[in-house]
Amino acid sequence: MSDSELLSRAKKAPATAGSRTVITAQYGRSPYVAAYAKRRAAGICELCEKPAPFITKDGEPYLECHHIEWLARGGEDTIENTVALCPNCHRKMHVLNNSTDITHLNKKTGENIDLQNQDNEPSLL
Ligand SMILES: [Zn+2]
Ligand SMILES: [Zn+2]
């Protein structure tokens, strides 16, 4: 589509979008699994390894929880399947779901679980 064609279609779109009801599946998610993934990440995105882009009003680094194997595809809401990502990486996983990235994330959750077992400390939560 040419630029002018796109512009003319964009201009024709109704300025006030009609309201419609969208039904999405809701999956049960444990707040503890999400909190654990964020604590494990310690403010660093588990994919790009960069610090969270900003700090929330609660003083927490802003990261988003992502299920490596999507819940919609039968993935489980467990700490092994949940990672904390910066918004860019989170979006990237949903747009590309690149196998290299998946391998990286699976390795991260695996490593952390091993460390925890070696330390033999009680769970963080
Ligand atoms: Zn990232
Ligand atoms: Zn996600």
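Residues numbered from 1 in each chain as written. Chains lettered and ligands numbered in written order. Predicted model: local features only at pLDDT ≥ 70, side-chain atom pairs only at ≥ 80, totals over all residues. Heavy atoms only, no water.

**Remarks on unusual backbone geometry**
1) Next: Non-glycine residue Ala 42 carries a positive phi angle of around 50°.
2) Next: Relative to the elements of secondary structure, Ala 42 occurs in the loop between helix 2 (31–41) and strand 1 (64–67). (Helix = DSSP H or I, 4+ residues; strand = E, 2+ residues; numbered from the N terminus.)

**Side note on the coordination of the zinc ion (ligand 1)**
1) Next: Looking at the zinc ion (ligand 1), one finds its protein donor set to be Cys 45 (SG), Cys 48 (SG), Cys 86 (SG) and Cys 89 (SG), positioned 2.3 to 2.4 Å from the metal centre.
2) Next: Here the donor residues of the zinc ion (ligand 1) are spaced in sequence according to C-x2-C-x37-C-x2-C. Within this pair, whereas Cys 48 is found in the loop between helix 2 and strand 1, its partner Cys 86 is found in the loop between strand 2 (82–85) and helix 3 (87–95), the two being separated by 38 residues in sequence.
3) Next: Exposure remark for Cys 48: the relative accessible area of 30% places this residue in the partly exposed category.
4) Next: According to the relative accessible area criterion, Cys 86 is buried, its value standing at 9%. (Donors = N, O, S within 2.8 Å, 3.2 Å for Na, K, Ca; no water. Buried < 20%, exposed > 50% of the residue type's maximum accessible area, 1.4 Å probe, protein only.)

**What to know about the confidence of the model for the protein**
1) Next: Averaged over all residues, the pLDDT of the protein is 87; the fraction at 70 or higher stands at 87%.
2) Next: Low pLDDT (under 50) marks residues 118–122, which in the prediction has one contact with non-local residues, meaning those over four places away or in another chain. (pLDDT = per-residue confidence, 0-100. Contact = heavy atoms within 4.5 Å.)

**Some points on the coordination of the zinc ion (ligand 2)**
1) Next: Note on the zinc ion (ligand 2): its protein donors are His 66 (ND1), His 90 (NE2) and His 94 (NE2). The metal-donor distances range over 2.1 Å.
2) Next: Using a relative accessible area of 1% as the deciding quantity, one classes His 66 as buried.
3) Next: Using a relative accessible area of 14% as the deciding quantity, one classes His 90 as buried.

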